[in-house]
Each structure stands twice: as structure tokens, then as C-alpha cells.
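A structural walkthrough
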Amino acid sequence: MSYEPLPSSPSAVGGGPSFAQRRASWRPRRPIVLGVSLLTLAALLGLASSDVHQRQIKDKVGSLVTGGVELAGSAKEWWSGPWAPSVYDEAKEALGGALGQEEDRLAESWAPEESSAGSAGGAANDGGAGRTPAAPTSDDDLSNTLESGAPEPEPEAHTLTTTTEPGESDSNEAATDTADDELPTDDLEPMLDPGVSESDLDSTECTDELKASLSLPSFWVARKTSSLHYEITPREPLIVPAGDCFDNTVFSARLVSVSRTADADLIISALPAPSLTDILGVYDLVIPPTHVIPYGQYQVEIRLAFGSLAGAREGSVCGEGRETCIAANLPSEQKFIGEKIGMAPGSRVTLGQDATSLAKAKLCSSLSPLTGYWQGQKFFPADPAGGPCMLQAPVFPTPFAAASTEPIWIHIVGDSNPRNFDSALEKSFGGGSKLNFFTMASPVKNGTVAAIALRSSTGTYDAHANDADPNIVITWQWWHATSHNLAANAAELAWWTNGTLAEFMSRAQLKGVLKGHRGFQHAAATLRPTRTYISLGSHSEDLTAAGTSKLLDVLFSEDYVSQEQRETANVRLFTTTTVSAALIPVDRFPRQDLVRNNAVIHAKNDVLRSRPELAGRIIDAEGLTAGITENYMKKTGKPDAVHFLPTVYEMWARLVWTDLMLQ
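First, a word on scope: everything that follows refers to the structure included in this document. Remember, it's a predicted structure, so these values are computed and weren't measured experimentally. (Residues numbered from 1 in each chain as written. Predicted model: local features only at pLDDT ≥ 70, side-chain atom pairs only at ≥ 80, totals over all residues. Heavy atoms only, no water.)

**Thoughts on the packing of aromatic side chains**
Within this structure, the stated rule accounts for 23 aromatic pairs. Relative to Phe-504, the ring of Trp-409 has its centre 6.3 Å away and its plane inclined at 45°; by these criteria the two rings are tilted. Remark: Phe-504 occurs in helix α13 (residues 501–507) and Trp-409 occurs in strand β15 (residues 408–414); sequence separation between them is 95 residues. Here Trp-409 falls in the buried class, since its relative accessible area comes to 1%. Ring geometry for Trp-496 against Phe-504: centres 5.8 Å apart, planes inclined by 75°, an arrangement best described as edge-to-face. Under the relative-accessibility criterion, Trp-496 is labelled buried at 3%. Across the ring face of Trp-495, the terminal group of Arg-507 is positioned such that the distance to the ring centre comes to 4.2 Å. (Phe/Tyr/Trp six-rings, centres within 6.5 Å; stacked < 30°, edge-to-face > 60°. Helix = DSSP H or I, 4+ residues; strand = E, 2+ residues; numbered from the N terminus. Buried < 20%, exposed > 50% of the residue type's maximum accessible area, 1.4 Å probe, protein only. Lys NZ or Arg CZ within 6 Å of the ring centre and 35° of its normal.)

Okay, structure coming up:
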């Protein structure tokens, strides 16, 4: 299906009953709470007697509860609610006098707090004692103006450091700063309807109402539990039966710099997607301790992609094992959300490498997996082997061409994003000539356009000069993977990747370019690609992860792009770039956001990364574009869900320069 970006659809988050009203239908049964308290109380007495921090108590609770009932959220908050004293009294009576004085001490230490929510005691569990709430800023604060400006002086740096912020230390001194997305402390207290009765506590089913609430960003909150660890939980801790109610929520996460004076100096770095823990309703986000980023203070930004989309993280939203997935056949009530969830006070993190360490970066040794950070117009990668690395910038004369006795032929096969990258790559090699040409239609609607550009290793090529033969040739051919007629799709890829430059130009009806260049014409007759870069494309959204695996089985079988051909053509594969699912015009393309989103794309790219026959041949374009779809998407014309600003394609071109340096 062709794809034309249109204005974004209305937000998926609408009105409804109040949070307190919805809360009443999810209350845990009183017998379950009583049973859990009996199971955990004895073990917790020893912890309380040694003044163990309440965070450890929560961890202990999570490991002790059995029988299909798990504790979610903070033990402190769970026991400090309005109904906690009665449950505690029942547990105390059941255990009898054997608990003695230790039990009394426990009762005192867990008594409901009388201080205000903004006091040091009320906020201690969030690591933000006494913080002054700040109203969240709008998304415009992170919009992509990318204008130049002087950066704010960097804080004193260390080589990879994590620090404790004010308000997170053992002292009770109040902090005065609050991150943009941090919630006021009052918003983290249980929002209970005063009219809730004991009968309201009996609903423990994973109801449709609860499932709908999973799609509300206000339902979730993220809390910092240690210097590099965050937990995402329901804002009000729940106890519900074991099941899949919370199993299919999808989040994304990234770091965004704070205290920057200009958007051009904004630093953005994608983080691993939060993962579900063994505790019901709790998702973990762990920042790698070796995360490469300039030393400074960052806000952790977590977005809710889907409240519940089964199979998204596995790339199989139509069901496990299905090879194709037609978006229009999926349930209409599911929608991409893409909004930020609230952050508890104290959620900022300080980490990174100092300028001296970053300046020592050497050429990247590998381009997959690719992580790093964006700052203004540039992407700064991390080497998979560890530490910062750099991409090769264009330089003339080109080192790899100067060392070659024959022309360099860079061949690109892909759809519209590789076409945009192709244009940026041509520009990176300086001036020259280019010809676009429409070719024959194919059985699978591929092969509809091709291009060739002639360049010189000096950076300047004049096609009209006498004896001006190019020594760098860049070609591009339209193709993308499809879910139907895999054999024809594979045969076409083999057609465009197998053969000499002269054969390709003849097939693509570009043979006229050879006229007047006798030396080049002679070389083209035997010239094979220095590199062939293949992209499965953004138009293969109806292929699932299983379908992608099946496609690769066919594409790289001995009947099509065989091992010998992969070697002869020096094949590399780009992973598929990320998208801004919020900008997909679902009024024209119903439910495309369910199959064309970054969770599904990541799962399908993992299939490429896992194939042994492609080891060492993957270039991670997904990693280049991860975390930036709110800032770096194409701005001209209609909102664009799949194409990027020119600077992204320019950095993509540097991936190829780097790859050519590694040959």
C-alpha cells in the first residue's frame, strides 16, 4: 500500500469517569489483602527492627508473596492508605500475642502518616523531599527548531558519573528544582473517593474498565529507585489476579538534556524500552552504566505508546506465528497514544563522559547495534565494543577511492527513505552529474525508478571535460519487501543486485550515461559493486516478524541472493528506520499505527540482526533514528510520519563513509 502522510488524527485519549471513580472497581479483596499481610508481616518484623529503609521492605514484599498474589507499587504507600489500619489490626489479632513488643514497634513505624503530602516524610519514598511542584511544560519545549546558539557551560565533568540529586540524599534538606515532567507530590497520593465502601474492595478482575485505563497516561507514573533505575507503575498500586492485564503495555524512553540555552544545543539519546518485571503492573527502565552521552543533567522522558497491544514487542500483533498482518482487520478501539507519563519528583539523572573522553573517540569499529546521542545537527555514536566512537566525515581526496585501482561503485536498493539517503550521499561526494530515470513496471510494483550519479574522489567532477572519467559511481534502484509473491519479490532483488555496472545500467535504462566516457564504459563492463546497500523498506508494514523471517529465507536462499552473490555484490543491509506513529493519518489508513510503530519495527529488525548469514553485514539505521521522531521528522508540507529532516540523511551518509573506511 502506498503511503502519503497527512495531518495527524485526533488524540486517542478522551474523557471519561474520574480516576477516583474508576479506582473503586479495582480494589483488592479484603481477604487477599489480609492473607498477604499475614504472609509478609513476620518476615518484615526483622527488617523493621533493624531500621531497614522502606525501599528494602518493598523489595522483600515482592519476593515473599506467593499463591498468585503479588504486591505492586510501594509498600509504604500501600500501608499508608485510609483502609490500612483496619487490615493491619486484623493481621495483628490473627497473629496474636506471640509478636510481642516487636509487633508494636512495627505498628508504630507503619502508622498512616499525618504530615502533608509535600512534607519531607510524604515525599521521601519518591526521592524528592520537600520539592516545590512545577507545572509540566508543553511538548513545544522539545520541538525541533534546531537553530544555532551558544551552549550553556558544561557542569564539572568526570568520566562516566552518576550522582545523587538534591532531595535524594539521606539528609532532609529540601530541593528547589523540579523537572518539567515531574508530578506535584500531592498527585502521587492515593486518589480515593470518600464514599468507597468495603464492598468496593471486592473487584479483583482485570475488567474492561481497567484495560481502558491502561491507555491513559495519567494512570501511570515513573519513580526513580536508584541512580540509574526507574520503575513505571500504576499511580495507585493495585493487587489483581495474575494474568495478562499488564503484559502488553508498550513504553518508549529517552534522555533529554536540561538547562540548555538553545534548541540547537539540545541533547537527545534513546534508551532501551522499559520491560515488564515479575511484579504485576511494574515496568523497569535501566539506564546502561556505560551510556555514552556528554556529562550533564538529563530528564528521563517516558512515553506511553500503547496501553495494551498484544504482540507489539514480538512483532506479531495479529497473532503468534502469523506471517502477515492486515491493519484494517485489527480491533478499532486500539490506538497509538505517544504521550508522556508523569515522573515522580527526583527523576532527573546526572551522568556522562567529560569532553576530554569524548574528544578521544576513534572511528567506529562496527555499525550494529548503533546507539549514541543527537546534539543539534549531528549524531554521535557509541562503539558496540564500548565507549564513544566517531563516524567518518567526508574528506577529499577520498581515502578508499585513492587506494583503489578501479572505480568505486556504491549501489543502493530500497524505497523512499533510502532514496533520500542516496541524495544526501551523492552530495557528500561533492559536485558532479546525476540522472533519474523511470523504468519498467514489475509484477510486485517495484523497479519503477532508478538513478545514477557520477563523482570524483577529488570532490569535483565535470562531465563535460575532456577525458573526464568518474572514479565514483552511486546508483539507486527502487525496491522494497512485500508480503505477497515472495518468489517474485526475491527474484527482483536478485535481478537488481546481481551483475556488473553495465548490466545494471542496461536493465535500468540508464545505458546512455556511458556515452562519451570510453574509459569508464570499458570499466563498467566488468565492475562489481564495492558495496550493495539493501533496505527492506518502510512499505513492508504488513509483514510480521515471522513473515520477515520467512522472507529472508527466500531472499537469501541459493535460488536468489545466494551466499556467492552476497559476497560478489558486497551486500549490506540497513535496518528499517523508526517512524512517528502519531502522525500516521489513520482516517485514510485505518489502524496503520498498530502495525507501523517502533515496537513492531524493532522486533522485525531484530530478525535481521539474528540471522547468521547476515553477521557483519548489518548497518543499524534504526539506531540512528531511535528517540528522535518527536524532533527530527520532515517539517515541510504535510506532517510526515516516515521521512526525516535532511540532517538525518546526512548522518546516514556518514554511516556509509564509515563502512567504506572499514573495508
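Next comes the rest of the write-up.
**Overview of the side chain of Arg-596**
Inspection of the secondary structure assignment puts Arg-596 in the loop between α17 (592–595) and α18 (598–610). Within polar-contact distance, the side chain of Arg-596 engages the backbone oxygen of Ser-538 at 3.2 Å. (Polar contact = N/O pair within 3.5 Å; in protein donor to acceptor, adjacent residues only side chain to side chain.)

**Section: the environment of Thr-526**
Here Thr-526 lies in the loop between α14 (518–524) and β19 (531–535). For the pair Thr-526 and Thr-500, spaced 26 residues apart in sequence, the C-alpha separation works out to 5.7 Å.

**Thoughts on the sheet that holds strand β17 (residues 449–455)**
Strands sit in the order β16-β17-β18-β15-β19-β20-β21 across an open sheet of seven strands; the sheet is mixed. In this open sheet, the two edge strands, each paired with only one partner strand, are β16 (433–438) and β21 (618–619). The sheet contact formed by β16 and β17 spans six bridges and is antiparallel. Note that in β17 the partner of Phe-437 across the bridge is Ala-450. Against the sheet, helix α12 (residues 486–497) touches β15, β18 (472–478) and β19, its axis set at about 165° to β15. (Pairing = 2+ DSSP bridges. Contact = heavy atoms within 4.5 Å. Axes fitted to C-alpha atoms, helices over the stretch in contact; angles between N-to-C directions.)

**What about the sheet that holds strand β6 (residues 283–286)?**
Taken in spatial order, the five strands of this open sheet run β5-β6-β2-β1-β9, and their pairing is mixed. Of all the strands in the sheet, just β5 (275–276) and β9 (342–343) have a single pairing partner and so form its edges.

**Structural notes on the pairing of strand β1 (residues 220–226)**
Of all the seven residues making up β1, five are buried; the element is thus mostly covered by neighbouring parts of the structure. Pairing analysis gives six bridges linking β1 to strand β2 (residues 229–234), with the strands arranged antiparallel. Note that in β2 the partner of Ala-222 across the bridge is Ile-232. What sits between β1 and β2 in their antiparallel hairpin is a turn of two residues. Pairing geometry for β1 and β9, over two bridges, is parallel. Opposite Val-221, over in β9, you have Gly-342 as the bridge partner.

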